[in-house]
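So the chains spell out like this:
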Amino acid sequence: MSTPAAPRSLAEALRVRDDASLAALLRARPDLITPVPTDLTQLATRAGTRASVARALERLDRFAQQTAQALAVASDPATYEELLGLMTGDAGDPAVTAALPRALGTLREQALAWGGDDRLRLVRTARELLSPSPQHPSPTGLGPTVREATSGMSPGRIQEIVTAAGLASTHDSVSAVTSLAGLFTDRARMAALLGTAPPPAREVLDRLVWGPPYGQVTADPAAHLRWLLDRGLLLPTAPGTVVLPREVALHLRGGRAHRAVEPLPPALGPTAAHPPQVVDATAAGQAYTALATVEELLKDWDEGGPAVLRAGGLSVRDLKRTAVALDVPEPVAAFWVELAYAAGLLASDGEADERYAATPAYDEWLGRPPAERWARLARAWLTATRTPGLVGGRDAKDRTLSALGPGLDRSAAPEVRHRVLTLLAGLPEGTSPSADSVLARLDWERPQRREDDLRARLARWALSEAETLGVTGRGALSAHGRALLGAPAPRKPEPGPEPEPAGPGDKLPVHHVPHAPVAVDALSPAEQAAASAAAARLLAPLLPEPLDHVLLQADLTAVAPGPLQRPLADLLGVLADIESKGGATVYRFTPASVRRALDAGRTASDLHAFLAAHSRTPVPQPLSYLIDDVARRHGHLRVGAASAYVRCDDDALLNEILADRRAAALRLRRLAPTVLAAQADPAALLEGLRAMGFAPAAESAEGDVVITRADARRTPPRTAPEPVPEGPPPPDATLLAAAVRAVRAGDLASTAPREQAPAVHGELPRTSSAETLATVQAAVLTGETLWIGYVNAEGTASRRVIAPVRVEGGFVTAYDHTADEVRTYPLHRITGVAELTDD
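Residues numbered from 1 in each chain as written. Predicted model: local features only at pLDDT ≥ 70, side-chain atom pairs only at ≥ 80, totals over all residues. Heavy atoms only, no water.

Before going further, it helps to spend a moment on the pattern of salt bridges. As a working rule, side chains carrying opposite charge can pair if their charged atoms are close by. If you walk through the whole model with that rule in mind, you get 42 salt bridges. Among the salt bridges present, the one from R417 reaches E465, with a minimum N-O distance of 3.9 Å. You can see R417 sitting in helix 21 (residues 413-425) and its partner E465 sitting in helix 23 (residues 454-469), a full 48 residues away along the chain. E465 carries the same exposure label as R417, and that label is buried. (Salt bridge = Lys/Arg side-chain N within 4 Å of Asp/Glu carboxyl O. Helix = DSSP H or I, 4+ residues; strand = E, 2+ residues; numbered from the N terminus. Buried < 20%, exposed > 50% of the residue type's maximum accessible area, 1.4 Å probe, protein only.)

Now the structure itself:
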């Protein structure tokens, strides 16, 4: 049985893959599927483009990158043994030897390398990106080979170097360079040559060996440099510049391409272990605080929040005011504002004087159980690309980045958040790792360019935000946080002796968790909804039950010993002012707060009944007196629109107002014994009289008291901001299957010979109408691809390759591989059909 021939190109290597392997390639590099390639040759071409290869290389883990870098400095093609030698060196490394097949398999799976173990090749673009050059040094620190470095050297100079190195002169430069390269790759002869080197020459080699391999020399170099130049251990590349040849550097390195090879990801170093119940309770407390903070933020903006800047976003002053109102630092205030925005609870109202306000979705959100409200916030945080940590920084044009403004989207944010939580999910329950170990692990999984530390900052923000939001507790992932990820619960340890409790500084053994990249949108919308519901179910029993009572005190305060039921909290928030918050909330009753409740349509008897029904202590007499006193004076004065007027049955009271100096700004004058007119508008008149200590009530044009309802300004319906993905989204299983099928069919159409005569002399297939209909119907059932002859309305004949999808009403709908689109053909215009061969 003959062995299959080795592939001669990437397209041929892809052609021998099975469907699962092609699907894995398209899943790992989704840019290759946009649009779907017509055949495997086009897929291979697209996989070799510079932008696609650069993106794929950046998404490799550190060991896979090191493997690709070693292949770039190996011979082309290389053998597996040569690659292994570059990775392990002369001494060998069992860990690298064991991990190399996986890394090489990753390169092959992602079409960055191809060929068998005897002829390994990097795709040409990857080799160009990773090969050493003066403009782009290799990550390995190696320089050009002897052949590359001597390509422009005169034949006489090459012969001088060969002779000085102790080699026999040759008749041509090619054989001389080959002889010199053979010397440098021969361990014994090279050791003997370096043994005669002056000590200063060895010092020069030691400085260049790990890179950069380039150095500067003068026109009259020192003796030890002349010794190196004469023997080709340093080769000139430009006037005044020399380079250490790759073969020399590899000998000095002991055959290794890298100074340090990292075949395995660094282990997570936990700093403490806590009982899972403590972690869950701590996270639940933070979750409750998160809900209260978002409610407080949006309640504060209920009457219309801060104005929208002309360029979009909050001003620095408004962010500071919000931070003071929430009693949090400004970066934390920016996080809460951005979280409400990402969850669709906050938006701009779109008016001429544009302001931020709650959306109608906020009212629907308030009606949900607390655990479901938290799950919505957590899901919005997990998938949002907007990054609150950037607020206050500068963009590329040196403009300040503002909360809710443009420029905060970072497409890597969801993936980093998801990956950080996935790493925590891989640890034993209650275990919190150190931030540095998490960053080191992420840096191994996706090495970042030295000038760009965005992923490290995103990871630090993710750890902090997860704790603030209640996804984690004491640095460990909570049970509801694990459910939010859709991750399975960790296996319970086998029964055995009870371990001693670990202290905060104790190091805990952590089993290695194999790296498995997890896409942030790996879950379908239905699976995300199920995960959110599961998280809510786990969190619900841990949240405090809302109370239906308060404790009234004689100093005109009320203490709420816990969260209050919504109707009670809403009315109490109108009747009293919040004085302090914490485990217990303290409300204070003032004349202004009682008047606010009366303005909202409540009567004194309503307020007395409300307090008596919801207080566990008797209603204090000072509070009853306060309500009765404010109610007795409330509405005694009536303000309406004339421009504005004041009317009152007590003309003595109107005389008192006219005599008050503070009323001068209102410009009042008497129209009748019981009516005063003002040149101020009704709202200003109301505020002015209230500032003077009176309790006026507004009235309508019909003379009825205007009831001021609790503030409820809302924006028009708004949708939550869509995440900004990095490149095309990962394809789902259905799209992958369809794409693989289309690529296979197109490749079959472009390479397979046809069974019938259309291949001869360009003739069209000829079959009877019945045979055409039967063949097309059979192809719909079997998924086969057909050749057809087709004559269009203009009489132009053509041959096309189609994959029939449906035959109905005298028409066949099919995917046309020739045109790369779905088309519909009248059956009477098809001259005939021809099947494609299987081989």
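On we go from here.
Before going further, it helps to examine helix 33 (residues 769-782). Residue pairs spaced three or four apart in an α-helix point in one direction, given the helix's 3.6 residues per turn. Look at helix 33: 20 Å from first C-alpha to last across 14 residues, which is about the 20 Å you get at 1.5 Å a residue. Those residues of helix 33 not exposed but buried are T772, T775, V776 and A779. Looking down the long axis of helix 33, one finds its buried residues gathered within 95 degrees of arc, a one-sided arrangement. When the buried face of helix 33 is taken as reference, the exposed residues oriented beyond 90 degrees from it are A770 and L781. Looking at the buried side of helix 33, the elements it contacts are strand 21 (786-791), strand 22 (797-808), strand 23 (811-816) and strand 25 (830-835). Once helix 33 finishes, G783 follows within two positions and takes phi at roughly 75 degrees, a positive value. (Expected span 1.5 Å × (residues − 1). Arc of directions from axis to C-beta. Contact = heavy atoms within 4.5 Å.)

As a further point, take the pairing of strand 24 (residues 821-826). Direction of pairing for strand 23 relative to strand 24: antiparallel, over a ladder of six bridges. For V812, the partnering residue across the bridge sits in strand 24 and is Y825. In this structure, the hairpin formed by strand 23 and strand 24 is closed by a connection of four residues, where D820 is found at a positive phi of approximately 60 degrees. (Pairing = 2+ DSSP bridges.)

This part covers the environment of G85. Inspection of the secondary structure puts G85 in helix 6 (residues 80-88). Along the primary structure G85 and G255 are separated by 170 residues, whereas in three dimensions their C-alpha atoms are 6.6 Å apart.

With respect to the helices and strands, the residue D443 is situated in helix 22 (residues 435-445). For D443, a relative accessible area of 18% puts it in the buried group. Within the local environment of D443, its side chain forms a polar contact with the side chain of R62, the two groups lying 2.8 Å apart. Contacts of D443, omitting those with residues within four sequence positions, involve R62 and Q448. (Polar contact = N/O pair within 3.5 Å; in protein donor to acceptor, adjacent residues only side chain to side chain.)

Let us look at the sheet that holds strand 24. A sheet is described by the order of its strands in space; here five strands give the open sequence 24-23-22-21-25, paired in antiparallel fashion. Looking at which strands have only one partner, the edges of the open sheet turn out to be strand 24 and strand 25. Taking each pair of neighbouring strands and ignoring which way they run, the sheet shows an average axis angle of 45 degrees. Here six bridges tie strand 22 to strand 23, and the two strands are oriented antiparallel to one another. Counterpart to V807 in the pairing with strand 23 is V812. Here helix 33 sits on the sheet in contact with strand 21, strand 22, strand 23 and strand 25, set at roughly 60 degrees to strand 22. (Axes fitted to C-alpha atoms, helices over the stretch in contact; angles between N-to-C directions.)

Those residues of helix 17 (residues 316-326) that fall on the buried side of the exposure criterion are D318, L319, T322, A323 and L326. Down the axis of helix 17, the buried set is contained in an arc of 140 degrees. They therefore lie on one face. Facing away from the buried side of helix 17, by more than 90 degrees, are the exposed residues V316, R317, R321 and V324. Elements that come into contact with the buried residues of helix 17 comprise helix 16 (276-300) and helix 18 (330-342). Directly after helix 17, the chain includes D327, whose backbone phi takes a positive value near 60 degrees.

Turning our attention to the sheet that holds strand 15 (residues 585-588). The sheet built from four strands is open, its strands ordered 12-13-15-14 with antiparallel pairing. The open sheet has two free edges, formed respectively by strand 12 (551-553) and strand 14 (577-580), since each of these has just one partner strand. On average, adjacent strands in this sheet sit at an angle of 30 degrees to one another, irrespective of strand direction. As defined by bridge partners, strand 14 adjoins strand 15 across three bridges and the pair is classed as antiparallel. Residue pairing for strand 15: S580 is matched across the bridge by V586.

For the rest of this paragraph, the subject is the nonpolar core. Counting residues in hydrophobic clusters, the biggest one holds 90 residues, and the most contacted among them are F63, L71, F184, L233 and L234. When residues of this core are assigned to their parent elements, the largest contribution, seven residues, is made by helix 5 (residues 62-73). When sequence neighbours within four positions are dropped, the list of residues in contact with F184 reads V146, M190, L193, R231, G232, L233, E247, V248 and H251. (Core = buried A, V, L, I, M, F, W, Y, C linked by side-chain atoms within 4.5 Å.)

Here we take up the packing of helix 20 (residues 370-383) against helix 23. Packing of helix 20 against helix 23 brings their axes to within 11 Å, and their N-to-C directions diverge by 175 degrees. As summarised for this structure, helix 20 and helix 23 are arranged roughly antiparallel, according to the angle between their axes. The segment helix 20 lies against helix 23, with W374, L377, A378 and W381 engaging A462, E465, A466 and L469. The residue inventory of the contact of helix 20 with helix 23, partitioned by class, reads seven nonpolar, no polar and one charged. (Parallel < 35°, antiparallel > 145°, perpendicular 65-115°, else oblique. Nonpolar A, V, L, I, M, F, W, Y, C, P; charged D, E, K, R; others polar.)

Let us now look at the environment of T241. Summarising the element assignment, T241 is placed in strand 5 (residues 241-243). Counting along the chain gives 27 residues from T241 to Y214, while the straight-line C-alpha distance between them is 6.9 Å. Those residues within four positions of T241 in sequence are excluded, and the remaining contacts are Y214, G215, Q216, L235 and P236.

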